[in-house]
Amino acid sequence: DSVIKLLSSIGEKPKKAESSKEGPLKIYELIRGIEKEQFEIFYQPKINCSDRTIYGVEALSRLNHPRLGLVFPDQFIDAMERTSLINELTRYILEKSLEHWKHWHRHGYLLNLAINISPKELNNLDFPEYVLGLLKKKSIPPEFLTLEITETALDLDHADSLEVLDRLSMHGIQLSIDDFGTGHSSLERLRIFPFDELKVDKSFMLHARENDSDRAIVESSVMLAKRLGLKVVFEGIENSDLYNMSDHLGGDIIQGYYMSRPIPEQDLLKWIENWIKKNS
Ligand code: C2E
Ligand code: CA
Ligand code: CA
Ligand code: CA
């Protein structure tokens, strides 16, 4: 346990950026952030439940603001989604993280790379060709890329989003439904869209041990996912209790502060080496 605690201290500190006090950033700060490449990618490991090997990493954006320091996504994603800036951020994150993937590959690691995708991308019928073109240019097999889409972001009536997801899926890109259980029509979304992975929302996981209804939601989500042939990810694994019970609850992959906070790119390989050493 203490080793894991030590490892997880490599990542970012729990303290949120000061900007939380000041409210969301201004649009011009976000435009400047894109122009001056102030966005940084932190990676949080996704661990295979059964043998504690590393399945992959999720890319999480932070803005390194000249005055405020590290700013978290809750201060900029909404504002960016109201403009086309979110498309520029997605492209920046995709290109940068695929470069990182190649770097990890050169060091002998084949990781699944998960990126968070805004619903806005799903209205753009050119998005699949863009992503596939990028993978081809960088010679990365599509199977190593997962696109995480927040459940509530998926518009059930939108024919375009279905077509975009179908095309991505057809070419082997993995699709993950994020924050599962938080929206209404969860089940209908699962029926319509071609998902490969289901992430049980961390709000259910956090109290799954002591709260019967939260555990019931986790257990039925797992059952449903298994019946539909989806991988199950538990996020929000914050302590040893959750870590130890996740296998029993039927999780395939776990993610959370207990294993690691999101880590700056330059520290990731060091974390991976340590993790492998401690778990082999
Ligand atoms: P998400 O995709 O559900 O990501 C998980 C969030 O939970 C992350 O917050 C992560 O740091 C945090 N987390 C990880 N482990 C734990 C844990 O054990 N306990 C708790 N309480 N939290 C944990 P973060 O990085 O602040 O991101 C917040 C949200 O912002 C993400 O939620 C995602 O929806 C969005 N986001 C982040 N980066 C991007 C991006 O590049 N593009 C888009 N469109 N959205 C992004
Ligand atoms: Ca996510
Ligand atoms: Ca698929
Ligand atoms: Ca989530």
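Residues numbered from 1 in each chain as written. Chains lettered and ligands numbered in written order. Predicted model: local features only at pLDDT ≥ 70, side-chain atom pairs only at ≥ 80, totals over all residues. Heavy atoms only, no water.

J.: What should I look at first to understand the overall build of the protein in this one?
T.: Helix and strand counts for the protein come out as 12 helices and 10 strands. The globule rule puts the C-alpha radius of gyration for 280 residues at 19 Å, and the 18 Å found for the protein is close to it. If one aligns the C-alpha atoms of the protein with their principal axes, the spans along those axes are about 45 × 40 × 40 Å. Relative to its 280 residues, the protein shows a buried fraction of 52%. (Helix = DSSP H or I, 4+ residues; strand = E, 2+ residues; numbered from the N terminus. Rg over C-alpha atoms; globule rule 2.2 N^0.38 Å. Buried < 20%, exposed > 50% of the residue type's maximum accessible area, 1.4 Å probe, protein only.)

J.: Quick question: what am I supposed to make of the coordination of the calcium ion (ligand 2) here?
T.: The textbook angles at a metal center are 109.5 degrees for a tetrahedron of four donors and 90 or 180 degrees for an octahedron of six. Looking at the metal site, the calcium ion (ligand 2) is ligated by Glu58 (OE), Asn116 (OD1), Glu148 (OE) and Asp178 (OD), spaced 2.2 to 2.3 Å from it. As a motif over one chain, the donors of the calcium ion (ligand 2) read E-x57-N-x31-E-x29-D. For the pair the calcium ion (ligand 2) and the calcium ion (ligand 4), the metal-to-metal distance amounts to 4.5 Å, and Asp178 bridges them. Highlighted residues: Asn116 in strand 4 (residues 112-117) and Glu148 in strand 5 (residues 145-150), separated in sequence by 32 residues. Under the relative-accessibility criterion, Glu148 is labelled buried at 1%. (Donors = N, O, S within 2.8 Å, 3.2 Å for Na, K, Ca; no water.)

J.: What is the right way to look at the coordination of the calcium ion (ligand 3) in this model?
T.: On the protein side, the calcium ion (ligand 3) has Ser169 (OG), Asp196 (OD) and Asp196 (OD) as donor atoms, found 2.5 to 3.1 Å from it. Residue Ser169 is found in helix 7 (residues 159-170), and its partner Asp196 is found in the loop between helix 8 (186-192) and strand 7 (197-200); the two are separated by 27 residues along the sequence.

J.: Please explain the nonpolar core as it appears in this structure.
T.: It is characteristic of soluble globular proteins that their nonpolar side chains tend to be buried jointly. Core analysis: the biggest nonpolar cluster contains 77 residues, and Trp104 and Phe234 have the highest contact counts within it. Other than its neighbours up to four places away in sequence, Trp104 contacts Tyr43, Val57, Tyr109, Leu111, Leu113, Glu265, Leu268 and Leu269. (Core = buried A, V, L, I, M, F, W, Y, C linked by side-chain atoms within 4.5 Å. Contact = heavy atoms within 4.5 Å.)

J.: For this particular structure, what's the right way to read the site of ligand 1?
T.: The immediate surroundings of ligand 1 are formed by 20 residues, with Gln44, Ser61, Arg62, Glu238 and Tyr257 found nearest. Contacts to ligand 1 include Glu58, whose side-chain N or O atom sits 3.2 Å from an oxygen atom. At a separation of 2.8 Å, an oxygen atom of ligand 1 approaches a polar backbone atom of Tyr257. In isolation ligand 1 offers 800 Å² of accessible surface; the protein chains occlude 85% of this area. For the shell around ligand 1, the elements supplying multiple residues, two or more each, are strand 2 (54-65) and strand 6 (174-180). If you tally residues by element for the shell around ligand 1, the top one is strand 2, at 4 residues. (Near = heavy atom within 4 Å. Polar contact = N/O pair within 3.5 Å; in protein donor to acceptor, adjacent residues only side chain to side chain. Areas by Shrake-Rupley, 256 points an atom, 1.4 Å probe, with all protein chains shown as cover.)

J.: Quick question: what am I supposed to make of the packing of helix 6 (residues 127-137) against helix 7 here?
T.: When two helices pack together, their arrangement is captured by the angle between the axes and the distance separating the axes. It is at 9 Å that the axes of helix 6 and helix 7 come closest, and there the two elements cross at 25 degrees. Between helix 6 and helix 7, the interaxial angle falls into the category roughly parallel. Here the hand of the crossing between helix 6 and helix 7 comes out right-handed. On helix 7, the residues that touch Phe127, Pro128, Glu129 and Val131 of helix 6 are Val164, Arg167 and Leu168. (Axes fitted to C-alpha atoms, helices over the stretch in contact; angles between N-to-C directions. Parallel < 35°, antiparallel > 145°, perpendicular 65-115°, else oblique. Left-handed = near helix turned anticlockwise from the far one by under 90°.)

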